[in-house]
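Residue strings, one per chain:
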Amino acid sequence: MSQPSVLAALLSGLRSGAIEVVDLTSPLSSQTPVIQLPEGFGQTQVFELEEISRYDDRGPAWYWNNFRTGEHTGTHFDAPNHWVTGKDLADVASVPASRLIAPAAVLDFSAPAAKDPDFLVEVDHIKAWEAENGPLPEGGWLLLRTGWDARSHSQEEFLNADENGPHTPGLSPECARWVAEESPVIGFGTETVGTDAGGAHSFEPAFPCHSHLMGNDKYGLTQLQNLAELPATGAVVIAGPLPIVKGSGSPARVLALVERS
């Protein structure tokens, strides 16, 4: 059977450079920043490698490792069952594969976030973006660019916490509800440690992105990198979480396909 022409065109574009693959993933290592919850709550595991063998008497011709980490470490995918509002919805292994490839809208708020780390995107911000760029993509991703990926080399700078908690940009409570309940997207992606703003512990409801998105059978992508390399519209995102049975999420390799002229 001959290869479908649409796939042949895709391969041709990749080979010629007309379609660029942009890696949106933060590399996983022991230095990858992780979220820190208040004392008394369970904490996620920093990424660790445990060597099994390295061309030695434990395995003369092969090198491999065990690894240990949390589901929500580094660039990762949030499944609906991650939050109590979605506890009866899909685990990460049940997310349809067809939903892991989707168009993306990239909203750039790096300038206001640079001035105010607690900057919040409101519904009116998104409406203004749509007036200039067109509607958010049906069945796609809303990706928020804030420039926060430049801080990912440092746990301290990335969390940006003081005695009042972390200070990172995100969505307002009403905007989170609107994205989850009224927008056509399947999920929301950020450059920060989680989908919620740093001050979301004191919002109503607390952590509204998690609460509204998960409760409406939508997804999250976090700790994304290189969003500055994507156009406002037209990119296609490929999100590849591990299909962990009963898992609430997974570290993921997230790629974007971008058509270059």
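Just above sits the structure.
Keep in mind the model is a prediction, meaning the values are calculated, not measured.

Which residues make up a negative patch on the surface, and what values go with them?
A cluster of acidic side chains, namely Asp116, Asp118, Asp162 and Glu163, defines a negative patch on the protein surface. Judged by relative accessible area, which is 37%, Asp162 ranks as partly exposed.

With reference to specific residues and values, describe the packing of helix 3 (residues 123-133) against helix 5 (residues 173-181).
Running from N to C, helix 3 and helix 5 cross one another at 50°; their axes reach a closest spacing of 8 Å. As the angle between them shows, helix 3 and helix 5 are arranged oblique. Along the contact surface, helix 3 presents Val123, Ile126, Lys127 and Glu130, while helix 5 presents Glu174, Cys175, Trp178 and Val179. Grouping the amino acids of the contact of helix 3 with helix 5 by side-chain chemistry returns five nonpolar, no polar and three charged.

For the packing of helix 5 against helix 6 (residues 208-215), give the residues involved together with the corresponding values.
Each packed pair of helices is defined by two parameters, the angle between the axes and the distance between the axes. The geometry of helix 5 relative to helix 6 is characterised by a closest axis approach of 8 Å and an angle of 15° between their N-to-C directions. The angle between the axes of helix 5 and helix 6 places the two elements in the roughly parallel class. Judged by the sense of rotation from one axis to the other, the crossing of helix 5 with helix 6 is right-handed. Two secondary-structure elements touch here, helix 5 through Pro173, Ala176, Arg177, Val179, Ala180 and Glu181 and helix 6 through Pro208, Cys209, His212 and Leu213.

Residue-level account of the pairing of strand 2 (residues 48-56), with values.
Relative to strand 3 (residues 59-68), strand 2 runs antiparallel, the two sharing seven bridges. The residue of strand 3 that forms the bridge with Asp56 is Gly59. Turn length for the strand 2-strand 3 hairpin, with the two strands adjacent in sequence and antiparallel, is two residues.

I'd like a description of the environment of Pro231, backed by residues and values.
If you trace the backbone, Pro231 turns up in the loop between strand 12 (219-222) and strand 13 (235-241). What makes Pro231 partly exposed here is its relative accessible area of 28%. Taking C-alpha positions, Pro231 is 9.1 Å from Ala104, a pair spaced 127 residues apart along the chain. Once residues within four sequence positions are removed from consideration, Pro231 is found in contact with Val106 and Val258.

Please give an account of the side chain of Ser250 that cites residues and values.
One can find Ser250 in strand 14 (residues 249-259). By relative accessible area, which is 0% here, Ser250 ends up buried. Ignoring any residue separated from it by four or fewer positions in sequence, one finds Ser250 in contact with Glu71, Thr75, His76, Phe77, Val92, Pro241, Leu242 and Ile244.

With reference to specific residues and values, describe the environment of Glu138.
With respect to the helices and strands, Glu138 occurs in the loop between helix 3 and strand 7 (141-145). The residues touching Glu138, leaving out its near neighbours within four places in the chain, are Pro103 and Pro184.

Conventions used here
- Residues numbered from 1 in each chain as written.
- Predicted model: local features only at pLDDT ≥ 70, side-chain atom pairs only at ≥ 80, totals over all residues.
- Heavy atoms only, no water.
- Patch = residues over 30% accessible without salt bridge, like charges linked within 9 Å, V, L, I, M, F, W, Y side chains within 5 Å.
- Areas by Shrake-Rupley, 256 points an atom, 1.4 Å probe, with all protein chains shown as cover.
- Salt bridge = Lys/Arg side-chain N within 4 Å of Asp/Glu carboxyl O.
- Lys, Arg positive; Asp, Glu negative; His and termini not counted.
- Charge placed at Lys NZ, Arg CZ, Asp CG, Glu CD.
- Buried < 20%, exposed > 50% of the residue type's maximum accessible area, 1.4 Å probe, protein only.
- Axes fitted to C-alpha atoms, helices over the stretch in contact; angles between N-to-C directions.
- Helix = DSSP H or I, 4+ residues; strand = E, 2+ residues; numbered from the N terminus.
- Parallel < 35°, antiparallel > 145°, perpendicular 65-115°, else oblique.
- Contact = heavy atoms within 4.5 Å.
- Nonpolar A, V, L, I, M, F, W, Y, C, P; charged D, E, K, R; others polar.
- Left-handed = near helix turned anticlockwise from the far one by under 90°.
- Pairing = 2+ DSSP bridges.

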